[in-house]
Amino acid sequence: MAIVQLPKIKHVRAFTVRGGGADYHDQGAGHWIDDHIATPMSRYPEYRQSRQSFGINVLGTLVVELEAEDGTTGFAVTTGGEPAAFIVEKHLSRFLIGRSPQEYEKIWDQMYFSTQYYGRKGLVVNAISGVDLALWDLLGKLRGEPVYHMLGGAVRDELQFYATGARPDIAKEQGFIGGKLPLHHGPAEGLEGMDRNIALLADMRAKCGDDFWLMYDCWMSLDLDYATRLAHRAWHECGLKWIEEALSPDDYWGYAQLRKNAPKGLLVTTGEHEATRWGFRMLMDMECCDIIQPDVGWCGGVTELIKIANYADSRGVLMIPHGSSVYSYHFVITRHNSPFAEFLMMHPGPTEVVPMFAPQLLGEPVPRNGRIRASELDKPGFGVELNRDIALHRPYSN
Ligand SMILES: C[C@H](O)[C@H](O)CC(=O)C(=O)O
Ligand SMILES: [Mg+2]
């Protein structure tokens, strides 16, 4: 039987898109996701009300499209905009053109180590992740297989989701297994801010009852003392399930101490702004958290997430990827140490379940009653198509 040789990559294109989608903070006015949410910039009053005021949405979405010799295309979206498009077109494309998508390990290695002198985390690894996701999409489209089949197949029949957004009470009615609230007040707002954080959580606990998971997402905004005090009050007064990304991603020592300081039973989680197997090894070897939360569009893509997830599994650490739509769904359904997934509520309220990366992905599945069945992922690649009716801008070429 002849060995299958897939067509090689002929074209690499990087586009940018504004307005929601993969850069999900890039929303219009009045959206819950930009309503006085605590960040490291909250120490400056002028940047406290709106995260867009300090530039959280400055990058926009990066779309990576790979076209094979036979005309088949694979694509992916992530956060990165024009600077990431430059890196894809002017640097990474040389490792892709004329190559088979089957070589995703060697291609990843060349993309990472050729940019290591100016990359390693953040924007550069976002760009690498976008290329890697497009490679896996192209591979699936050429093979006629969903990505989750290529990752070993489903270990359960369906995905269960918790919802991130301002209305956990509505999320409970919609069938989600928990609700993660954004933290609104950081250390700069003192005891009054802490009391308001607890009052909101207590109100949601009263509305949701005792059995519904409630979590706080602190988006890197706290110091160790404040995070420790918040953890104890939120656990003892409101039954908080986990405190997420309380500290700077660079403060591995702080996370290790927070995990020691936290009340027994409260989970400490982080990782969405961490990258590569080496960054997550640091989090796990220093025992910084109970759950790692890589974003597959930011940590290095599927090729790197395989390495991260397997190391976590060997250490008994849960790996619940940060919300990244189909790119995490196809991974989570194949891993026992990923028992549930995140769904980021992108409706402004949020009062409705809408596709997370809308309007960029045609055919993007959404949870119904807080679940997506594995069979809903049974389309080639990541099972979505690029919406070509949106304004795609190609600022560079290779
Ligand atoms: C809600 C958080 O501030 C952020 O916008 C999203 C996030 O960190 C998450 O979904 O996790
Ligand atoms: Mg988060």
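Every value quoted in this text rests on a predicted model; they were computed, and no experiment measured them.

### Focus: the overall build of the protein
Helix and strand content of the protein: 11 helices and 14 strands. Taking 21 Å as the expected radius of gyration for a compact globule of 398 residues, we find that the protein reaches 20 Å, a close match to that expectation. Scored against the burial criterion, the 398 residues of the protein give a buried share of 49%.

### Looking at the domain arrangement of the protein
For the protein, the domain assignment lists domain 1 (9-23 + 59-144) and domain 2 (150-379). With centres defined by C-alpha atoms, the gap from domain 1 to domain 2 works out at 26 Å. If you look at the interface, domain 1 gives 23 residues, while domain 2 gives 18 residues. When contributions to the side of domain 1 that touches domain 2 are tallied by element, the ones reaching two or more residues are β3 (73-79), α2 (104-115) and α3 (123-143). No other element matches α3, which puts 10 residues into the side of domain 1 that touches domain 2. Of the residues belonging to the side of domain 1 that touches domain 2, the class tally is 11 nonpolar, 9 polar and 3 charged.

### Here we look at unusual backbone geometry
Cis geometry marks the peptide bond from G349 to P350; its omega dihedral reads 0 degrees. As for its position among the elements, P350 is in the loop between β11 (341-344) and β12 (361-362). Of note, the amide linkage connecting A358 to P359 takes the cis form, showing an omega dihedral of 5 degrees. Checked against the element boundaries, P359 lands in the loop between β11 and β12. Even without being a glycine, M220 presents a positive backbone phi close to 70 degrees. Among the secondary structure elements, M220 is positioned in the loop between β6 (213-217) and α7 (224-238). On the neighbour-count criterion, M220 (21 C-beta atoms within 10 Å) is buried. Positive phi, close to 50 degrees, is recorded for S325, a residue that is not glycine.

### Structural notes on the sheet that holds strand β1 (residues 9-17)
With antiparallel pairing, the 3 strands of this open sheet are ordered in space as β1-β2-β3. The sheet is open, and its two borders are formed by β1 and β3, each paired with just one other strand. With strand direction ignored, the average angle separating the axes of adjacent strands in the sheet is 15 degrees. Helix α1 (residues 81-90) rests against β1 and β2 (61-68) of the sheet, and its axis sits at about 170 degrees to β1. The strands touched by α3 within the sheet are β2 and β3, with β3 carrying the most contacts at an inclination of about 150 degrees.

### Observations regarding the UniProt feature "binding site: Mg(2+)" (unreviewed entry) in the protein
The feature "binding site: Mg(2+)" (unreviewed entry), as annotated in UniProt, sits at D217, E244 and E272 in this numbering. A maximum C-alpha distance of 11.1 Å places the annotated residues, which cover 56 residues in sequence, within one compact spot. As for its position among the elements, D217 is in strand β6. If we skip the residues at most four places from it in the chain, D217 touches T164, K180, L181, P182, L183, E244 and E245.

### Points about the pairing of strand β5 (residues 178-182)
Here β5 lies mainly inside the structure; 5 of its 5 residues are buried. Residue alternation in β5 divides its side chains into two sets, G178, K180 and P182 and G179 and L181, and both sets are buried. The sheet contact formed by strand β4 (residues 158-164) and β5 spans 2 bridges and is parallel. Its bridge partner lying in β5, T164 is registered against K180. Where β5 lies against β6, 5 bridges are found, and the strand directions are parallel. Counted as the bridge partner of L181 is Y216 from β6.

### Observations regarding the packing of α7 against helix α8 (residues 252-261)
Where α7 contacts α8, the axes come no closer than 10 Å and their chain directions differ by 25 degrees. In terms of orientation, α7 and α8 fall into the roughly parallel class. Judged by the sense of rotation from one axis to the other, the crossing of α7 with α8 is right-handed. On α8, the residues touching L224, A227 and T228 of α7 are G254, Q257, L258 and N261. A class-by-class count of the residues in the contact of α7 with α8 yields 3 nonpolar, 4 polar and no charged.

### Remarks on the pairing of β2
Here β2 lies mainly inside the structure; 7 of its 8 residues are buried. Relative to β2, β1 is paired through 8 bridges, and the arrangement is antiparallel. The residue bridging V17 from the neighbouring strand is T61, located in β2. Across 7 bridges, β2 lies against β3 in antiparallel orientation. For L62, the partnering residue across the bridge sits in β3 and is T78. Hairpin connection between β2 and β3: a loop of 4 residues separates the two successive antiparallel strands, and G71 in this loop has a positive phi of roughly 90 degrees.

### Considerations on the environment of M345
Within the secondary structure, M345 is located in the loop between β11 and β12. For M345, a count of 27 C-beta atoms within 10 Å translates into the label buried. Along the chain, M345 and R167 lie 178 residues apart, while their C-alpha atoms are 9.3 Å from each other. Contact partners of M345, with chain neighbours within four places excluded, come to A163, T164, G165 and P350.

### Topic: α3
The terminal C-alpha atoms of α3 lie 30 Å apart, and with 21 residues this matches the ideal 30 Å at 1.5 Å per residue to within 8%. The buried count for α3 comes to 19 of 21 residues, which makes it a mostly enclosed element. Two residues or fewer after α3 comes G144, characterised by a positive phi angle close to 70 degrees.

About the thresholds
- Along each chain, the written sequence defines residue order, and numbers are assigned to residues from 1.
- Both sets of labels track the order of writing: A upward for chains, 1 upward for ligands.
- With the structure being a predicted model, the display of local features is reserved for residues of pLDDT at least 70 and the display and counting of side-chain atom pairs for 80 or more, all residues being used for whole-chain, interface and lining totals.
- A run of DSSP states H or I qualifies as a helix once it reaches four residues; a run of E qualifies as a strand once it reaches two. Both are numbered from the N-terminal end.
- Only C-alpha atoms enter the radius of gyration, while the globule expectation follows 2.2 Å times N to the 0.38, with N the number of residues.
- With C-beta atoms placed from the backbone, the exposure class of a residue follows from how many other C-beta atoms lie within 10 Å of its own: 20 or more, buried; 12 or fewer, exposed; in between, partly exposed.
- Domain start and stop points were drawn from an automatic or database domain assignment.
- We call two residues in contact when their backbone-placed C-beta atoms lie within 7 Å.
- Any residue that is not Ala, Val, Leu, Ile, Met, Phe, Trp, Tyr, Cys, Pro, Asp, Glu, Lys or Arg is counted as polar, Gly included; the first ten are nonpolar and the last four charged.
- At least two DSSP bridges between two strands are needed for those strands to be called paired.
- Orientation is described by axes fitted as lines to C-alpha atoms, over the contacting stretch for helices, and by angles from 0 to 180 degrees between their N-to-C directions.
- UniProt positions are given in the numbering used here, feature names are shortened, and annotations may be inferred rather than shown by experiment.
- Between 65 and 115 degrees an angle is taken as roughly perpendicular, under 35 as roughly parallel, over 145 as roughly antiparallel, and anywhere else as oblique.
- Crossings are sorted by hand: turned counterclockwise from the far helix by less than a right angle, the near helix makes the crossing left-handed, and turned clockwise it makes it right-handed.
- Multiplying one less than the number of residues by 1.5 Å gives the expected span of a helix.

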